[in-house]
Amino acid sequence: MPPQRLSSGKPTPVTVRYRRSWSQIVARSRTLVVGLIGLLSTAAFAGGDGSVNVPLDHWAYEFVERCEARGLLHGAGDGIRPLSRLELARLVLRVAAAVDRGQGLTRVDAERLGRLRQELAPELVEAGGASPAQVRKRIDLRGPGPLLSYRAPEGEILADLLFRQQTDLLTGRGRSDTETIHRTRLGGSVRGRLHGLGYRLAFEQTREQGSRTYLTRDDVFDSRVEIPQLKDGLADYHHGIGYVTFGLPFGDLELGRDEVEWGPAPGDNLGLSRNAPALDLVRLRSRLGAFKLVSLHAALRPCPDRPDSPLCGGQASPESYIVNQTARTLDREKYLAAHRLEVAVAPWLDLGFQEEVVYGDRGPEWSYLNPVMFYWAAQSYLGDKDNVMMGVDLDLHPGHGTRVWLAYVVDDLKKLKIFSDDFANKFSLQTGLLWTDPLGLRDTDLRAEYVRIEPWIYTHKFPINAFSHFDSPLGHSLGPNSDRWRLGLTRRLNADLALGLTAGRARHGYNELLPDGTVRNVGGDLFLGPRPGDQRDTKSFLDGVLAKRTQMEATV
């Protein structure tokens, strides 16, 4: 077991006067102003569609990536996810056009293209790629569709139920017993349109149980957890999404709770990944030819200070008030502002630039509500008290079945010691390769990836600014002071069945718990930033208590 960071203890409740002033109410409502600012600042971009988003766990994203590698798609801008349903429909039309020009698909890819044409039939009509009669002729509309549907002149309602059963078997060196974890998910989703407004609601209730005893949040196998109910032999938790989208002449505006993922890697990126629960956000998306822009402002939840969250001790607000003879702690405010620009500079090359800033203990900042503001300069203007990250990446897909990506992130920079080992110089690197149908093996993908995350990255001297939502990382799941390489092979037997084999090696340098009970902070804890007395002039990659893990994974 890695050494646990000592908590500074829970704050002592004090009685304060709890009253909202008019200025506080106005400050809390400022997030909505980003919509108006964005509409004015992106007026030159192409019009939006207002359709709802494709969930991040949909297999269509992997299909789009594969089509890019095979040269069927260029300039997709799929480093900004989720894609809208209409945006995906346009990509499907481009793939179909490439096939019509003589570029072939494998048997399984042809099946999956047919599935997408069926699922996106209304959006294909809207995208102008087919008339309703052509869609009916080319697509069997009698196939799978929403469980319930209702259509009227004003719009439509489409509803589905969700049931998912997943079992994980974990065994290997260092384990006294083989571990079994069962997760049963039950929920549903509703989506549709109303007078041009798109909407989507989704809810999942999960029960996790098996060979574990659930005493703390760290015992829950699923990382994307809000507030779980722990009951010794099982854990109950849920995840909800609900938002509306507006299609405007110069972009899309989305309001509500939704997921976000940015970057060239599928699934786990250095900037924004799908590791954390959904965010309450305002999001703008616009496009101008080869340029694609997205900007968002989101409310985050601090690391919960609860008895079942030992890593989060001492991060709650010291302010509380007494009601019914009970002290109630006030929640601290925490926000994320982020924007990303992608441009297809060539048919075989996409470039991306993004910034993210996490700040808290105050209402939304006007400087961060501006979607075209350079956040690094805004942070300096506001007193250098927030946590800003900046990253660039490139996505190469020259055809011949290959795709290569490279991402580089700067969390902080000490300009006078830029080439030194000062802890403030925090960089991360991620690179990967996708090779489709290697050596003539049809419907097969070979993937290789390496990630290196320097000490102290994602952390901050003010814990409220840690790059996290609840206690889940907003960025890469490895956390600071880590690296990992992975090699994976996937073989698809048909559109519904795939076999996978993955091997990987990960290393992480944990902070060291000394015999006197203090912690030697080497920058290996997302929630413990630099403190007075820490060794700040030098850093050593993988310093501290080094943990190594070799993982072999087989999936069906």
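Within each chain, residues carry numbers counting from 1 in the order of the written sequence. Per-residue local features of the predicted model are confined to residues with pLDDT of at least 70, and side-chain atom pairs are confined, for both listing and counting, to 80 or more; whole-chain, interface and lining totals are unaffected and use all residues. With hydrogens and water excluded, all non-hydrogen atoms of the structure serve as input to the side-chain values.

**Observations concerning the overall build of the protein**
Condition: The way it works is that DSSP assigns letters per residue, a run of H or I at least four long becomes a helix, a run of E at least two long becomes a strand, and they are numbered from the N terminus. Only the protein chains shown count as cover for residues, and all accessible areas are computed by the Shrake-Rupley method using a 1.4 Å probe.
Scanning the protein for helices and strands turns up nine helices and 26 strands. Approximately 26,600 Å² of the protein is accessible, and the part contributed by carbon and sulfur atoms is 58%.

**Here we look at the pairing of strand β4 (residues 179-194)**
Selection criterion: Two strands make a pair as long as DSSP finds a minimum of two bridges between them.
When strand β3 (residues 155-170) meets β4, the two strands line up antiparallel, connected through 16 bridges. What sits directly across from Gln-165, in β4, is Thr-184. Where β4 meets strand β5 (residues 197-214), 14 bridges bridge the pair, whose relative direction is antiparallel. Paired with His-182 across the strands is Gln-209, a residue of β5. Where β4 folds back onto β5 in an antiparallel hairpin, the turn is made up of two residues, including His-195, whose phi is positive at roughly 50°.

**Quick notes on the pattern of salt bridges**
Cut-off, in case you're wondering: In what follows, salt bridge is the name for a side-chain nitrogen of Lys or Arg lying within 4 Å of a carboxyl oxygen of Asp or Glu. Summary of the burial criterion: residues with accessible area below 20% of their type's maximum are buried, those above 50% are exposed, and those between are partly exposed, where the area comes from a 1.4 Å probe applied to protein chains only.
Following the criterion strictly, the structure yields 47 salt bridges and no others. Where Arg-520 meets Glu-512, a salt bridge forms, and the shortest distance between an N and an O atom there is 3.0 Å. Taking relative accessible area as the criterion, Arg-520 reaches 30% and is therefore assigned partly exposed. Take Glu-512: its relative accessible area is 28%, and that puts it in the partly exposed class.

**Structural notes on the packing of helix α4 (residues 85-100) against helix α5 (residues 107-119)**
Working note: a packed helix pair is described by the angle between its axes plus the distance between those axes. Test applied: All axes here are fitted lines through C-alpha atoms, helices being fitted over the stretch that makes contact, and every angle between N-to-C directions spans 0 to 180 degrees. Working definition: roughly parallel below 35 degrees, roughly antiparallel above 145 degrees, roughly perpendicular at 65 to 115 degrees, and oblique for all remaining angles. By convention, the crossing between two helices is left-handed when the near helix turns anticlockwise from the far helix through less than a right angle, and right-handed when the turn is clockwise. In this analysis, two residues are considered to be in contact whenever any of their non-hydrogen atoms come within 4.5 Å of each other. Residues are grouped as follows: nonpolar covers Ala, Val, Leu, Ile, Met, Phe, Trp, Tyr, Cys and Pro; charged covers Asp, Glu, Lys and Arg; every other residue, Gly included, is treated as polar.
At a closest axis distance of 10 Å, the pairing of α4 and α5 adopts a crossing angle of 135°. Classified by the angle between their axes, α4 and α5 sit oblique to one another. Crossing hand, α4 versus α5: left-handed. Two secondary-structure elements touch here, α4 through Arg-85, Leu-88, Val-92, Val-95 and Ala-96 and α5 through Leu-113, Leu-116, Arg-117 and Glu-119. Residue composition of the contact of α4 with α5, by class: six nonpolar, no polar and three charged.

**So, the environment of Trp-262**
Within the fold, Trp-262 resides in strand β9 (residues 261-262). Once the C-alpha coordinates of Trp-262 and His-339 are considered, the two residues, 77 residues apart in sequence, prove to be 9.7 Å apart.

**Examining the packing of aromatic side chains**
Note the following rule: Any two rings among Phe, Tyr and Trp, with Trp reduced to its six-membered ring, count as a pair given centres within 6.5 Å; such a pair is stacked if its planes are under 30 degrees apart, edge-to-face if over 60, and tilted if neither. Two limits define a charge over a ring: the Lys NZ or Arg CZ must be within 6 Å of the ring centre, and within 35 degrees of the ring normal.
Tallied over the entire structure, the rule returns five aromatic pairs. Geometrically, the ring pair formed by Tyr-368 and Tyr-375 is edge-to-face, given 5.7 Å between the ring centres and 90° between the ring planes. By relative accessible area, which is 0% here, Tyr-375 ends up buried. Among the aromatic side chains, those forming a connected cluster through ring pairs are Tyr-335, Tyr-359, Tyr-368 and Tyr-375. Positioned over the ring face of Phe-541 is Arg-452, at 3.8 Å from the centre of the ring.

**Side note on the nonpolar core**
Applied cut-off: Residue types Ala, Val, Leu, Ile, Met, Phe, Trp, Tyr and Cys, when buried and joined through side-chain atoms within 4.5 Å, form a set referred to as a nonpolar core.
Core analysis: the biggest nonpolar cluster contains 29 residues, and Trp-262, Leu-272, Leu-279, Leu-336, Tyr-458, Phe-467 and Leu-474 have the highest contact counts within it. Residue assignment for this core shows that the elements contributing at least two residues are β10 (279-288), β11 (291-299), β14 (334-346), β17 (402-412) and β19 (444-453). If one sorts the elements of this core by residue count, β11 sits on top with three residues. The next biggest cluster of nonpolar side chains, apart from the first, holds 22 residues, and it includes Val-64, Val-95, Leu-105 and Leu-120.

**Here's the deal with α4**
Threshold: Each helix should span, by expectation, one fewer than its residue count multiplied by 1.5 Å.
Taking 1.5 Å per residue as the helical rise, α4 with its 16 residues ought to reach 22 Å, and the 22 Å between its terminal C-alpha atoms agrees with that figure. Turning to α4, its buried residues are Arg-85, Leu-86, Glu-87, Leu-88, Ala-89, Leu-91, Val-92, Val-95, Ala-96 and Ala-98. Directly after α4, the chain includes Gly-102, whose backbone phi takes a positive value near 110°.

**Regarding the side chain of Glu-204**
Residue position: Glu-204 is located in strand β5. Residue contacts for Glu-204: discarding those within four places in its chain leaves Leu-162, Arg-164, Arg-185, Leu-186, Gly-187, Tyr-237, His-238 and His-239.

**What about the environment of Arg-224?**
Mapped onto the elements of the fold, Arg-224 is located in the loop between β5 and β6 (229-230). Distance in space between the C-alpha atoms of Arg-224 and Arg-274 is 8.2 Å, their sequence separation being 50 residues. The contacts of Arg-224, once residues within four sequence positions are left out, are His-239, Glu-259, Arg-274, Asn-275, Ala-276, Pro-277, Ala-278 and Ser-472.

**Digging into the packing of helix α3 (residues 60-69) against α5**
It is at 11 Å that the axes of α3 and α5 come closest, and there the two elements cross at 125°. Between α3 and α5, the angle is such that the two are oblique. The handedness of the crossing between α3 and α5 is left-handed. Contacts between α3 and α5 pair Ala-60, Glu-62, Phe-63 and Arg-66 from the former with Asp-109, Arg-112, Leu-113 and Leu-116 from the latter. The residue makeup of the contact of α3 with α5, split by class, is four nonpolar, no polar and four charged.

**Section: α5**
Over its 13 residues, α5 extends 19 Å from the first C-alpha to the last, a length consistent with the 18 Å expected when each residue adds 1.5 Å. When α5 is considered as a whole, its buried residues turn out to be Val-108, Asp-109, Arg-112, Leu-113, Leu-116, Arg-117 and Gln-118.

**Some thoughts on the pairing of β11**
Burial analysis of β11 places seven of its nine residues in the buried class, which makes it a mostly covered element. The pairing of β10 with β11 spans nine bridges and is antiparallel. Bridging across to β11, Leu-288 finds its partner in Phe-291. Adjacent in sequence and paired antiparallel, β10 and β11 are bridged by two residues, among which Gly-289 carries a positive phi angle near 60°. As paired strands, β11 and β14 are joined by nine bridges and run antiparallel to one another.

**A short note on the side chain of Glu-365**
Topologically, Glu-365 is positioned in the loop between β15 (349-360) and α8 (366-369). Glu-365 sits in the buried class, given a relative accessible area of 15%.

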